[in-house]
Amino acid sequence: MMVSGVAIVASKLLVARYENAVHNQDLFGDTAAAARPSDIQGPLNILLVGIDPRDANTAPLSDSIIVVHVPAGMAKAYLFSIPRDLLVDIPAFDKTGFRGGRAKINAAMSYGSSVANGKHDVAQGFDLLAKTVSRLTGIPAFDAGAIVNFGGFKKIVDAMGGVTMTIDQNVKSEHLQPDGRPRPRYERCADNTCAHPYYGPQATYRPGTYHLQGWQALDYVRQRYGLPNSDYDRQRHQQQFIKAMAQQALSKDVVTDPGKLDKVLKAAGSALIFDGKGHSVVDWGFALRSIRSPDMTLIKMPGESLFDGGAYLGEGLKPSATDFFGAVGRDDIGNFLFDHPEYVNKAS
């Protein structure tokens, strides 16, 4: 009885430890709805937003927007990215006095983040971004959401001992040298007006399967310059990275190594701001425990660049995207992909 009691207390302490490690915050502006609801049941839609590290004096931009759809059976997941330069209608937002308008979707966080004294709150900015994605996709409300700090992702990968992933095309780094040091900047670009402010040798990633260090994985998935399909290629790489991270995190090398697992969970906590709509991150982990890397389908959204004369306006989705969003709402993505195999990322 004593041993059983100690085990129960220890398990509760561990759960509390990892729950408290994650920064929980209201991301959807609906604190009243955050009271613990019924058990987590599918179908589910989760909004993941990646940002570069910024302080409270700088308006945040959503560099990566990924929606995870989990069907009713909760045995698989579909990941699709929203292009960061997608031209959309951003709704009005009373908290900042933003009246609404048409702009690139990655600006929604910025329009929604302003608080007193010129400061910015990324959680408040997430609220407006979530409303914008809801308007775009027809998803009435998200079941959970998270803001992921890209710098924190590096810590997670390093805590796991690196991540094994397949690189599907030649990629040269805009930001880093082959040894991981930042590339030097031209003096004339100190005011951040240059499109390509760096010079010198570049880290290069070639097709093949590699075990990447944290800085390499993060650098690879940030690149879009020089890629044939620019941000659409980067979206695919980011999805592949998430899938590879999931596979690595659930491997025996991590889950059976208490020391490594502890480091990974603490690193994940420092990288995340999470809103589980009344459920903890541990609750969500338990609810989605059956989903493994092979159960994740990566989806590419078909888009094209929009111009007014010679001026670039942003990206636009092709008409079939409306049918895809309808399938998400009906929890019928599998049948949609059967009819539209071009939506599946072949390199996933």
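Shown above is the structure to which this text applies.
What you see is a predicted model, and the numbers here were worked out from it, not measured in a lab. Along each chain, residue indices are assigned from 1 in the same order as the chain's sequence is written. Two thresholds apply to this predicted model, a pLDDT of at least 70 for residue-level local features and 80 or more for giving and counting side-chain atom pairs, whereas whole-chain, interface and lining totals are computed over all residues. With hydrogens and water set aside, each side-chain value is computed from the structure's full complement of heavy atoms.

**Q** Help me understand the packing of aromatic side chains, please; the structure alone is not making it clear to me.
**A** Two numbers describe a pair of aromatic rings. These are the distance of the centres and the angle of the planes. Here a pair means two rings of Phe, Tyr or Trp (six-membered ring of Trp) with centres within 6.5 Å. Their orientation is stacked below 30 degrees between planes, edge-to-face above 60, and tilted elsewhere. This structure, assessed with the given rule, holds 11 aromatic pairs. Charge-over-ring placement is defined geometrically: NZ (Lys) or CZ (Arg) within 6 Å of the ring centre, and within 35 degrees of the ring normal. The ring of Tyr-186 has Arg-188 lying over it, and the distance from NZ or CZ to the ring centre is 4.3 Å. Between the NZ or CZ atom of Arg-289 and the centre of the ring of Phe-286, over which it lies, the distance is 4.0 Å.

**Q** What should I look at first to understand the pairing of strand 4 (residues 77-81) in this one?
**A** A regular strand places its side chains so that they alternate between the two faces of the sheet. Burial within strand 4 is extensive, with 5 of its 5 residues counted as buried. Relative accessible area decides the class of each residue, using a 1.4 Å probe on protein chains only: under 20% of the type maximum gives buried, over 50% gives exposed, and in between gives partly exposed. Numbered from the N terminus, helices here are DSSP runs of H or I no shorter than four residues, and strands are runs of E no shorter than two. Side chains of strand 4 alternate between two faces, with Ala-77, Leu-79 and Ser-81 and Tyr-78 and Phe-80 buried alike. At least two bridges found by DSSP between two strands are what make those strands a pair. Where strand 3 (residues 64-70) and strand 4 come together, 4 bridges link them in antiparallel fashion. Paired with Val-67 across the two strands is Phe-80, which belongs to strand 4. By the bridge criterion, 4 bridges tie strand 4 to strand 13 (residues 296-299) in an arrangement that is parallel. Following the sheet pairing, Ala-77 is matched in strand 13 by Met-296.

**Q** Looking at this structure, how should I read the nonpolar core?
**A** In summary, soluble globular proteins display a tendency toward joint burial of nonpolar side chains. By size, the foremost hydrophobic cluster in this structure holds 40 residues, and its most contacted members are Leu-47, Phe-80, Phe-126, Ile-299 and Phe-324. Among the elements that line this core, the one with the most residues is helix 3 (residues 122-137), at 6 residues. Dropping the residues within four chain positions of it, Phe-324 is found in contact with Phe-80, Ile-299, Met-301, Ile-333, Phe-336 and Tyr-343. Residues belong to one nonpolar core when they are buried, are Ala, Val, Leu, Ile, Met, Phe, Trp, Tyr or Cys, and are joined through side-chain atoms within 4.5 Å. Phe-153, Met-160, Val-221 and Val-254 belong to the second largest nonpolar core, which has 29 residues in total. Any two residues whose heavy atoms approach within 4.5 Å at even a single point are treated as in contact.

**Q** Can you walk me through the sheet that holds strand 1 (residues 23-24) in this structure?
**A** Adjacent strands of a sheet pair through backbone hydrogen bonds, lying either parallel or antiparallel. Sheet architecture is open: 7 strands sit in the order 1-12-7-2-3-4-13, paired in mixed fashion. Unpaired on one side and paired on the other, strand 1 and strand 13 mark the two borders of the sheet. Only the contacting stretch of a helix is used when fitting its axis, a line to C-alpha atoms as for every element, and angles between N-to-C directions run 0 to 180 degrees. This element, helix 4 (residues 150-160), spans strand 2 (44-51), strand 3 and strand 7 (144-149) of the sheet and lies at about 85° to strand 7.

**Q** How should unusual backbone geometry be read in this particular structure?
**A** The general pattern is negative phi for most residues beyond glycine and trans for most peptide bonds. Geometrically, the link from Gly-42 to Pro-43 is a cis peptide bond, its omega value of 0° lying close to zero. For Ser-230, which is not a glycine, the phi torsion comes out positive at approximately 50°. Relative to the helices and strands, Ser-230 resides in the loop between helix 5 (214-222) and helix 6 (231-249). Looking at Ser-230, the relative accessible area reads 32%, which means it is partly exposed. Even without glycine at this site, Asp-331 takes up a positive phi of about 55°. Within the secondary structure layout, Asp-331 lies in the loop between helix 10 (320-330) and helix 11 (333-339).

**Q** Can you walk me through the packing of helix 4 against helix 6 in this structure?
**A** The packing of two helices is summarised by the inter-axis angle and the distance between the axes. At a closest axis distance of 11 Å, the pairing of helix 4 and helix 6 adopts a crossing angle of 35°. As helix 4 packs across helix 6, the resulting crossing turns out to be left-handed. Here helix 4 contributes Phe-153, Ile-156, Val-157 and Met-160 to the contact with helix 6, which in turn contributes Phe-241, Met-245, Gln-248 and Ala-249. Residue polarity follows a fixed list, in which Ala, Val, Leu, Ile, Met, Phe, Trp, Tyr, Cys and Pro are nonpolar, Asp, Glu, Lys and Arg are charged, and the others, Gly among them, are polar. Considered class by class, the residues forming the contact of helix 4 with helix 6 number 7 nonpolar, 1 polar and no charged. Crossing handedness is read from the near helix: turned anticlockwise from the far helix by less than a right angle, it gives a left-handed crossing, and turned clockwise, a right-handed one.

**Q** Looking at this model, I keep getting lost on the pattern of salt bridges. Mind explaining?
**A** Side chains that differ in sign of charge can pair as their charged atoms come close. A pair is scored as a salt bridge if a Lys or Arg side-chain nitrogen falls within 4 Å of a carboxyl oxygen belonging to Asp or Glu. This model, assessed by the stated rule, comprises 11 salt bridges. In this structure, Asp-179 and Arg-181 form a salt bridge, with 2.7 Å as the shortest nitrogen-oxygen distance. Each of the salt bridges in this network shares a partner with another, and the network as a whole consists of Asp-63, Arg-84, Asp-85 and Arg-224.

**Q** Can you help me understand the state of the cysteines in this one?
**A** Two cysteines joined by a covalent bond between their sulfur atoms form a disulfide. Throughout, a disulfide means two cysteine sulfur atoms within 2.5 Å of one another. The tally for this structure, following the rule as stated, stands at 1 disulfide. For Cys-189, the disulfide goes to Cys-194, at an S-S distance of 2.1 Å. The sign of the S-S torsion, about -90°, decides the handedness of the disulfide formed by Cys-189 and Cys-194: left-handed. You can call Cys-189 buried: its relative accessible area is 1%.

**Q** Mind showing me how you'd approach the pairing of strand 7 here?
**A** Counted residue by residue, strand 7 has 5 buried out of 6 residues, so it is predominantly covered. Note that strand 2 and strand 7 share 6 bridges and pair parallel. Of the residues in strand 7, the one forming a bridge with Val-49 is Ile-147. The pairing of strand 7 with strand 12 (residues 272-275) spans 4 bridges and is antiparallel. Looking at strand 12, one finds that Val-148 is bridged to Leu-272.

Geometric values such as these leave the question of function open.
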